[in-house]
Amino acid sequence: MDPEFIHVDPRTLLRVEQSGQPAVVYRCKLQGVPCGLHVEGTASAVSAHLRGHGIIGPDNISTTCMWGNCSKTLKRGSMTRHILTHLGVKVRCPVCGAVKSRYDTFRAHIKFSEPCHLASAEMVDGPEGRVLVPTAWFATN
Ligand SMILES: [Zn+2]
Ligand SMILES: [Zn+2]
Ligand SMILES: [Zn+2]
């Protein structure tokens, strides 16, 4: 089983190597400056990657989403969560099994659903996600 080589955002790569745990990565589809990199499907990784593309500035500044054919105008502060919806990353409630498309709707769910109050989010990978495993796995397995 030879894993196909994929280009990965250096920060995602570093995190995977340091944690020794695999991560699900997605190909960046930002137009303008195509980078061809894969980035981990988490808010922190996506936010760092957007910064690398120069999508920065105060959260309340309007910006245009340049992901694929999307040209939606939204606030800079909403960009990360918006990109996560492009990746198809969802959040599942482990208590009742409800799947939410955004982290904030999950937060609202556990807030208003009594039995789910203490639930912690479970990530649901998007359809185009690919698993990136740390190189140490190849050496030992
Ligand atoms: Zn990129
Ligand atoms: Zn978009
Ligand atoms: Zn629930």
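Remember, it's a predicted structure, so these values are computed and weren't measured experimentally. (Residues numbered from 1 in each chain as written. Chains lettered and ligands numbered in written order. Predicted model: local features only at pLDDT ≥ 70, side-chain atom pairs only at ≥ 80, totals over all residues. Heavy atoms only, no water.)

A. A look at the sheet that holds strand E7 (residues 122–124). Reading across from one edge, E6-E5-E7 is the order of the 3 strands in this open sheet, with antiparallel pairing throughout. Each end of this open sheet is capped by a strand with a single partner; those strands are strand E6 (99–100) and E7. In this sheet, E7 lies alongside strand E5 (residues 90–92) in antiparallel orientation, the contact comprising 3 bridges. Bridge pairing in E7 places Arg92 opposite Glu122. (Pairing = 2+ DSSP bridges. Helix = DSSP H or I, 4+ residues; strand = E, 2+ residues; numbered from the N terminus.)

B. Examining the coordination of the zinc ion (ligand 1) more closely. Binding of the zinc ion (ligand 1) to the protein goes through Cys28 (SG), Cys35 (SG), His49 (NE2) and His53 (NE2), at separations of 2.0 to 2.2 Å. Along the chain, the residues that donate to the zinc ion (ligand 1) are spaced as C-x6-C-x13-H-x3-H. On the criterion of sequence distance, the pair formed by Cys28 in the loop between strand E1 (23–27) and strand E2 (38–40) and His53 in the loop between helix H2 (43–52) and strand E3 (62–64) is long-range, its members being 25 residues apart. (Donors = N, O, S within 2.8 Å, 3.2 Å for Na, K, Ca; no water.)

C. Here's a closer look at the packing of H2 against helix H3 (residues 79–87). Running from N to C, H2 and H3 cross one another at 110 degrees; their axes reach a closest spacing of 9 Å. The orientation of H2 relative to H3 falls into the category roughly perpendicular. Between H2 and H3 lies a crossing whose hand is right-handed. For the pair H2 and H3, the contacting residues are Ala43, Val46, Ser47 and Leu50 in the first and Met79, Thr80, Ile83, Leu84 and Leu87 in the second. (Axes fitted to C-alpha atoms, helices over the stretch in contact; angles between N-to-C directions. Parallel < 35°, antiparallel > 145°, perpendicular 65-115°, else oblique. Left-handed = near helix turned anticlockwise from the far one by under 90°. Contact = heavy atoms within 4.5 Å.)

Just geometry here; none of it tells us what the structure is for.
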